[in-house]
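Coordinate inspection notes
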Amino acid sequence: MNQNEKKMKVAEEALQYIESGCILGVGSGTTVNCFIEQLSKIKSKIDAVVSASESSSKLLMSKNIRVISLKEAGRIPIYIDGADESNSLKQLIKGGGGALTREKILAQSSDRFVCMIDDSKFVSKLGNFPLPIEVIDVASSILALELIKLGGRPVLRESFITDNGNIILDVHNLNITEPIKLEKSINNLPGVVTNGLFAIRPADDLLISSDKGIEKI
Ligand code: 5RP
C-alpha cells in the first residue's frame, strides 16, 4: 500500500469511534481530509463538527456537514486528527500543516483524542520531524536565538501565515529526550503561541496503518 492508501484505511477505521448524535472535533491535514471523505458517508449520524482549520471547515461545508465553533460546542466528546510523528506513549509532533494551535486547543477540549497515522510516522524518539512553532512575527528573531540555545536549528516556514495570522518556525535537530519538559519550556518563551509537541495532552488512542492492517495502541 502507498501512503495515501494507508491514510484512507486508517481514516475509515476511525469512523468506529463516532457515536450517534455526537459533536465531533476534527483536525487538519491530508489524513483528516481522507477522514472527512469517509465522514461524509455517515454524516446523518453526527450532530455537528468543530474544526481545527479553515481548510478543514471548507471541506466539511462542501460535504454539507454542519460546522460549529468551539464556543458553541463547549467540550468535545471525540477529537480525531492526524500527526507528523508519534512515540509509543502517544506523545506527538504536529503542525506540519500549520494548524497546531487550534489543534492543541481542540485536543485539550476533548474527552477522547484519537490520532491516525501511518507506520512511517511511528518513532522510538520524537524529533526527526522538525518541530513546528507558531510565533508572533515581532518575536521571531529573538525566539530563533532562544531555540538555538536549546540546540535547535529554526527555519522560517516561507510564504506561510497561520489561520491566526502568525508565522511558523520549523525547528530541526532538537534532541527531544523529555517531551513534556520541552513542550513547557518552549511555551514559556514570550512570543510563542504554541509549539507542535503534544505531550502534556497526548493522544488517547493511536491508530497505525501499515501493510498488515490497522494496529491500535
Ligand atoms: C496539521 C497537522 C497534521 O495532523 C499533520 O501535519 C499530519 O498531516 P498529514 O495527515 O497531511 O500527514 O498537525 O497541523
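**Some points on helix 1 (residues 3-14)**
- For helix 1, with 12 residues, the first-to-last C-alpha span of 17 Å sits near the 16 Å given by 1.5 Å per residue.
- Listing the buried residues of helix 1 in full gives Lys6, Lys7, Val10, Ala11 and Ala14. One face of helix 1 carries all of its buried residues, which in axial projection span an arc of 135°.
- For helix 1, the elements touching its buried residues are helix 2 (30-39), strand 4 (76-82), strand 7 (110-118), strand 13 (205-210) and strand 14 (213-216).
- Between the side-chain oxygen of the N-cap and the backbone nitrogen of asparagine 4 there are 3.1 Å, and the N-cap of helix 1 in question is asparagine 2.

**Description of the pattern of salt bridges**
- A complete count under the given rule lists 14 salt bridges for this structure.
- Note that aspartate 170 and arginine 157 form a salt bridge whose closest N and O atoms lie 2.8 Å from each other. Of this pair, aspartate 170 sits in strand 10 (residues 167-172) while arginine 157 is found in the loop between strand 9 (153-156) and strand 10, placing the two residues 13 residues apart along the sequence. One exposure class covers both aspartate 170 and arginine 157, and it is buried.
- Put simply, glutamate 178 and lysine 181 hold a salt bridge, and the shortest N to O gap is 3.7 Å.
- Salt bridges linked by common partners bring Asp81, Lys94 and Glu103 together as one network.

**Quick look at the state of the cysteines**
- Under the counting rule described, the total for this entry stands at 0 disulfides.
- Sulfur of cysteine 115: no disulfide; nearest cysteine sulfur belongs to cysteine 34 and is 14 Å away.

**Examining the packing of helix 1 against helix 2**
- Across the interface, helix 1 lies against helix 2 with an axial gap of 8 Å and an inter-helix angle of 55°. Regarding the angle of helix 1 to helix 2, the classification is oblique. Helix 2 is crossed by helix 1, and the crossing has right-handed handedness. Contacts from Lys7, Met8, Val10, Ala11, Glu12 and Ala14 in helix 1 reach Thr30, Thr31, Cys34, Phe35 and Gln38 in helix 2.
- A per-class count over the contact of helix 1 with helix 2 returns 6 nonpolar, 3 polar and 2 charged.

**Observations concerning the layout of surface pockets**
- A volume near 180 Å³ is recorded for the largest pocket.
- Forming the boundary of the largest pocket are 16 residues, of which Ser28, Gly29, Thr30, Asp84 and Gly97 lie nearest the centre.
- Where the lining of the largest pocket is concerned, the elements lending two or more residues are helix 2 and strand 4.
- Here the residues of the lining of the largest pocket sort into 1 nonpolar, 9 polar and 6 charged.

**Structural notes on the side chain of serine 51**
- Position of serine 51 relative to the elements: it lies in strand 2 (residues 48-51).
- Here the side chain of serine 51 touches serine 53 through a polar contact of 2.9 Å, landing on its backbone oxygen.
- At a separation of 2.9 Å, a polar atom in the side chain of serine 51 contacts the side chain of serine 57.
- Setting aside chain neighbours within four positions, we find serine 51 in contact with Val26, Ser56, Ser57, Leu60, Val67, Ile68 and Leu106.

Reading the values: the criteria
Residues numbered from 1 in each chain as written. Predicted model: local features only at pLDDT ≥ 70, side-chain atom pairs only at ≥ 80, totals over all residues. Heavy atoms only, no water. Helix = DSSP H or I, 4+ residues; strand = E, 2+ residues; numbered from the N terminus. Expected span 1.5 Å × (residues − 1). Buried < 20%, exposed > 50% of the residue type's maximum accessible area, 1.4 Å probe, protein only. Arc of directions from axis to C-beta. Contact = heavy atoms within 4.5 Å. Polar contact = N/O pair within 3.5 Å; in protein donor to acceptor, adjacent residues only side chain to side chain. Salt bridge = Lys/Arg side-chain N within 4 Å of Asp/Glu carboxyl O. Disulfide = S-S within 2.5 Å. Axes fitted to C-alpha atoms, helices over the stretch in contact; angles between N-to-C directions. Parallel < 35°, antiparallel > 145°, perpendicular 65-115°, else oblique. Left-handed = near helix turned anticlockwise from the far one by under 90°. Nonpolar A, V, L, I, M, F, W, Y, C, P; charged D, E, K, R; others polar. 1 Å grid on protein atoms, 1.4 Å probe; cavity = no way out; pocket = protein on both sides within 12 Å on 5 of 7 lines; lining within 4 Å. Points joined across faces, edges and corners; volume = space filled by probe spheres on them.

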